[in-house]
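The residues making up each chain are set out below.
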Amino acid sequence: MSPYWAILSGRVRMLLQYRVAALAGLGTQLFWGLIRVMAFEAFYASSHAPMPLSVEQTVDYIWLSQAFLMLLPIRLDGEIRSMVRSGSVAYELVRPLDLYALWYARTVASCLAPTALRCIPLLLVAVLAFDMRLPPSPQAALAFAVTMASAVLLSAALSNVLNITLLWTLAGEGTANIVQVATFLFCGMVVPLPLFPDALQPILNYAPFAGMMDLPFRLYMGHIAPSDTFGVLARQLTWTIALITYGRWLLGRGIRVLVAQGG
């Protein structure tokens, strides 16, 4: 495991250097967070129907989703795309390493570093200035931390599938855009999942996207009891293993039909 850990830690250190870009992104996410908070507060003020989330819980949910936006599989690995386009991906095939594990380590780093640069300052600002609440108990905080760590693995597994599709599509924007829209809609980034119709709740809760944001966020707020943490982890890890298995199968097929571009 040491080569893959070295790749992960080295790439994290490299990506942590982009502090100015993270600062610009932080400002953008604060701006959109405020717009979303105001929109949902207006929605709650205009309705007297019982809601599955209180307005305070919804505000917490929104700030958490803004803080962990970069964790989502919404972008392709630019270096892998360049290697496929130039033909230098052939060098990846002769390395004495497992190619899937190599790309997965890169993807985990690409999820961790941008998220770490933005989430901590954004959450501090949200708590201190915009009425975001802390977890109701230490158990809820621990459950949130553990399930967010699992969410990183799940998100990286889906992102790696997108990277592997570059072996066929070269550019990959079409696949990435479709997955981005589905992820944003079904993980809770656009609308918190508890606000969806009751008929859709079983599907949404057990789809892979909920494990990336919705379920950990609801543990943070106490909307899901800390005693249910193992159930949430089981859903996340099941989907992670399924996506890793599918990614390995897809990569095997891709290598067999790969035509190296360039020369």
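It should be noted that the structure appears before, not after, this text.
Residues numbered from 1 in each chain as written. Predicted model: local features only at pLDDT ≥ 70, side-chain atom pairs only at ≥ 80, totals over all residues. Heavy atoms only, no water.

(A) Main features of the overall build of the protein. A count of helices and strands for the protein gives twelve helices and zero strands. Ordering the α and β elements of the protein from the N terminus gives α-α-α-α-α-α-α-α-α-α-α-α. The C-alpha radius of gyration computed for the protein amounts to 19 Å, which stays within 12% of the reference 18 Å derived for 263 residues, consistent with globular compactness. In terms of its C-alpha atoms, the protein occupies a principal-axis envelope of roughly 65 × 40 × 35 Å. Counting all 263 residues of the protein, 49% fall into the buried class. Contacts spanning at least 24 positions in sequence make up 83% of the contacts within the protein whose residues lie at least 6 apart. When the accessible surface of the protein is totalled, it reaches about 12700 Å², and 70% of it is carbon and sulfur. (Helix = DSSP H or I, 4+ residues; strand = E, 2+ residues; numbered from the N terminus. Rg over C-alpha atoms; globule rule 2.2 N^0.38 Å. Buried < 20%, exposed > 50% of the residue type's maximum accessible area, 1.4 Å probe, protein only. Contact = heavy atoms within 4.5 Å. Areas by Shrake-Rupley, 256 points an atom, 1.4 Å probe, with all protein chains shown as cover.)

(B) Structural detail: helix 4 (residues 78-86). Those residues of helix 4 that sit buried are Ile80, Met83 and Val84. Mapping the buried residues of helix 4 onto a view down its axis gives an arc of 95 degrees, with all of them on the same face. Contacts made by the buried residues of helix 4 are with helix 5 (89-93), helix 6 (99-129), helix 7 (138-164) and helix 8 (166-169). Positive backbone phi, at 95 degrees, marks Gly87, one or two positions downstream of helix 4. (Arc of directions from axis to C-beta.)

(C) How the structure looks around the nonpolar core. Formed by 79 residues in total, the largest nonpolar core has its most connected members in Trp63, Leu64, Phe68, Trp103 and Phe217. When neighbours within four sequence positions are excluded, Leu64 is seen to be in contact with Leu123, Met132, Phe144, Phe217 and Tyr220. (Core = buried A, V, L, I, M, F, W, Y, C linked by side-chain atoms within 4.5 Å.)

(D) View of the packing of aromatic side chains. Enumeration according to the criterion identifies ten aromatic pairs in this entry. Consider the rings of Phe31 and Trp32, whose centres lie 5.8 Å apart with planes at 75 degrees: the pair is edge-to-face. The class for Trp32 is partly exposed, based on a relative accessible area of 46%. Joined through ring pairs, the aromatic side chains of Tyr61, Phe68, Phe144, Phe217 and Tyr220 make up one cluster. The lysine or arginine in question, Arg235, covers the ring of Tyr206, its NZ or CZ lying 4.2 Å from the ring centre. (Phe/Tyr/Trp six-rings, centres within 6.5 Å; stacked < 30°, edge-to-face > 60°. Lys NZ or Arg CZ within 6 Å of the ring centre and 35° of its normal.)

(E) Fine view of a nonpolar patch on the surface. A grouping of Phe31, Trp32, Leu34, Ile35 and Met38 is seen on the molecular surface, where their side chains present a nonpolar patch of about 490 Å² in accessible area. Note that Leu34 resides in helix 2 (residues 19-45). Assessed through its relative accessible area of 31%, Leu34 is described here as partly exposed. (Patch = residues over 30% accessible without salt bridge, like charges linked within 9 Å, V, L, I, M, F, W, Y side chains within 5 Å. Salt bridge = Lys/Arg side-chain N within 4 Å of Asp/Glu carboxyl O.)

(F) Unusual backbone geometry, seen in detail. Non-glycine residue Asp131 carries a positive phi angle of around 65 degrees. Its place among the elements puts Asp131 in the loop between helix 6 and helix 7. On the accessibility criterion, Asp131 (67% relative accessible area) is exposed.

(G) Representation of the state of the cysteines within the structure. Enumeration according to the criterion identifies zero disulfides in this entry. Cys111 provides the cysteine sulfur closest to Cys119, a residue in no disulfide bond, and the two sulfurs are 13 Å apart. Here Cys187 is not disulfide-linked; the sulfur of Cys111 is the nearest cysteine sulfur, at 13 Å. Look at Cys187 and you get buried, because its relative accessible area is 0%. (Disulfide = S-S within 2.5 Å.)

(H) Spotlight on the side chain of Gln29. Note that Gln29 resides in helix 2. Judged by its relative accessible area of 3%, Gln29 falls in the buried class. A polar side-chain atom of Gln29 sits 2.3 Å from the main-chain carbonyl oxygen of Gln66. Among all residues touching Gln29, those that are not within four sequence positions of it are Trp63, Gln66, Ala67, Leu69, Met70, Arg118 and Leu122. (Polar contact = N/O pair within 3.5 Å; in protein donor to acceptor, adjacent residues only side chain to side chain.)

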